[in-house]
Amino acid sequence: MEFIKVNPQIEKHIALIELHRPKELNALNRQLMIEVRDALRELDEDDQVRVIILTGGEKVFAAGADIKQMANATAIDMYNIDQFSTWDQIKKTKKPIIAAVSGFALGGGCELAMTCDMIIATDTAKFGQPEIKIGTMPGAGGTQRLTRAIGKVRAMEMVLTGKFISAPEALQFGLINKIVPAALMLFETLRFAAEIAKLSPVAVKLAKESVNNAFNSTLDEGLIFERKNFYLTFASEDQKEGMAAFVEKRNPDFKGK
Ligand code: DAK
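Everything in this summary refers to the structure shown in the same document. Only a predicted model underlies this, so the values are computations on that prediction, with no experimental measurement involved. (Residues numbered from 1 in each chain as written. Predicted model: local features only at pLDDT ≥ 70, side-chain atom pairs only at ≥ 80, totals over all residues. Heavy atoms only, no water.)

Some points on the packing of helix H4 (residues 84-91) against helix H5 (residues 108-115)
Where H4 contacts H5, the two axes come as close as 10 Å, and the packing angle between them is 30 degrees. Between H4 and H5, the angle falls in the class roughly parallel. Facing H4, whose interface residues are Trp87, Ile90 and Lys91, H5 presents Gly108, Glu111, Leu112 and Thr115. (Axes fitted to C-alpha atoms, helices over the stretch in contact; angles between N-to-C directions. Helix = DSSP H or I, 4+ residues; strand = E, 2+ residues; numbered from the N terminus. Parallel < 35°, antiparallel > 145°, perpendicular 65-115°, else oblique. Contact = heavy atoms within 4.5 Å.)

Digging into the site of the ligand
Looking at the ligand, there are 23 residues lining it, with Ala63, Ala65, Ile67, Lys68 and Gly108 nearest. Here alanine 63 contributes a backbone N or O atom positioned 2.9 Å from a nitrogen atom of the ligand. Backbone polar atom of alanine 65 to an oxygen atom of the ligand: 2.8 Å apart, as the coordinates give it. Calculation on the ligand without its partners gives an accessible area of 1,100 Å², and the protein chains cover 66% of this total. Sorting the residues of the shell around the ligand by element identifies helix H2 (67-70), H4, strand E6 (104-106) and H5 as the ones contributing at least two each. In the shell around the ligand, the residues fall into 13 nonpolar, four polar and six charged. (Near = heavy atom within 4 Å. Polar contact = N/O pair within 3.5 Å; in protein donor to acceptor, adjacent residues only side chain to side chain. Areas by Shrake-Rupley, 256 points an atom, 1.4 Å probe, with all protein chains shown as cover. Nonpolar A, V, L, I, M, F, W, Y, C, P; charged D, E, K, R; others polar.)

What to know about the pairing of strand E3 (residues 51-55)
Of all five residues that make up E3, five are buried, and the element is covered over most of its length. On E3, burial covers both faces: Val51, Ile53 and Thr55 on one face and Ile52 and Leu54 on the other are all buried. The sheet contact formed by strand E2 (residues 14-19) and E3 spans five bridges and is parallel. Looking at the pairing, glutamate 18 lines up with threonine 55 of E3. (Buried < 20%, exposed > 50% of the residue type's maximum accessible area, 1.4 Å probe, protein only. Pairing = 2+ DSSP bridges.)

What about the environment of asparagine 26?
Looking at the element boundaries, asparagine 26 is found in the loop between E2 and helix H1 (30-45). Given a relative accessible area of 4%, asparagine 26 falls into the buried group. Along the backbone, asparagine 26 and arginine 191 are 165 residues apart, and their C-alpha atoms lie at a distance of 25 Å. If near-sequence neighbours (up to four positions away) are discounted, asparagine 26 is found in contact with Leu19, His20, Arg21, Gly56, Gly57, Val60, Phe61, Ala62, Ala63 and Gly64. Looking at asparagine 26, its side chain comes within polar contact range of the main-chain oxygen of phenylalanine 61, at 3.1 Å.

Thoughts on the pattern of salt bridges
Under the defined criterion, the tally for this structure stands at 10 salt bridges. One salt bridge connects glutamate 24 with arginine 21, and the closest N-O pair in it is separated by 3.7 Å. We note a salt bridge from lysine 208 to aspartate 117, for which the minimum N-O separation is 2.7 Å. Of this pair, lysine 208 sits in helix H10 (residues 201-213) while aspartate 117 sits in the loop between H5 and strand E7 (118-122), placing them 91 residues apart in sequence. (Salt bridge = Lys/Arg side-chain N within 4 Å of Asp/Glu carboxyl O.)

Focus on the pairing of E2
Residues in a regular strand project their side chains so that they alternate between the two faces of the sheet. Most of E2 is tucked away: five of the six residues are buried. Bridging between strand E1 (residues 4-11) and E2 involves five bridges; their strand directions are antiparallel. Along E2, the bridge assignment pairs isoleucine 4 with leucine 19.

Here you go:
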């Protein structure tokens, strides 16, 4: 791995991926995105991992796709390289991914954070889709995920002007889960992740799948999908353990089975 650092067990059941291309402000070149995809695939298959944190640097989460790498590309180059298949793989990760964002999350950086399931940001975080300022537009979900997260008029303003929003605005608009002090970002994100890591990994994955399905279905279809996943949790040992522990007034010991 050249542009990311991976710790599969930063804490019990929690893995950390750190974008590490500091000179270029973590600009997401093709190689970096392939590394992120491969790391996520591996961590998704690792039984010891239940929650994944994706973070960047203190000053920049990621300043977007690598402008220098794509500046002279033709549409057919882009089509042939098909970088979207890399991004699509990230979306397929079954385990929850928490983006821990400090500093700039711009363009593809903001899109990458939004591809994750939850976002924790420091008070220095700034989110933006500035592609319009360089003659293009968001291409990795910016017009879709941002609109779903913060609503049409705010998304329009960000996408059409390239204006950044601060962490408090992002919190108020519903883009992020919480703001933490910059110095405590990892500590607070680990605490947040640990709350999920102690739960049934089977139920967590099925629940994540169901929430995501809400974006792709009608309410009735979504409710049927949810119901099936709900039934499926009853096929797990974890559900038996969770309910037995409740009745016996003890902490559950979930095994992910
Ligand atoms: N790409 C390449 N290099 C970048 C970069 C980027 N996005 N952002 C910064 N750098 C480089 C700078 O060129 C500079 O390099 P040197 O000149 O030192 O060689 C170095 O990082 C430091 O940057 P600055 O000197 O600009 O640093 P400042 O602190 O003054 O400013 C900044 C920080 C983040 C405000 C500024 O760097 C900035 O505005 N950066 C560009 C932000 C931006 O426009 N982002 C959107 C890019 S377009 C796709 C998926 C996704 C996308 C496209 C396709 N597919 C799946 C096909 C997404 C597109 C985008 O994100």
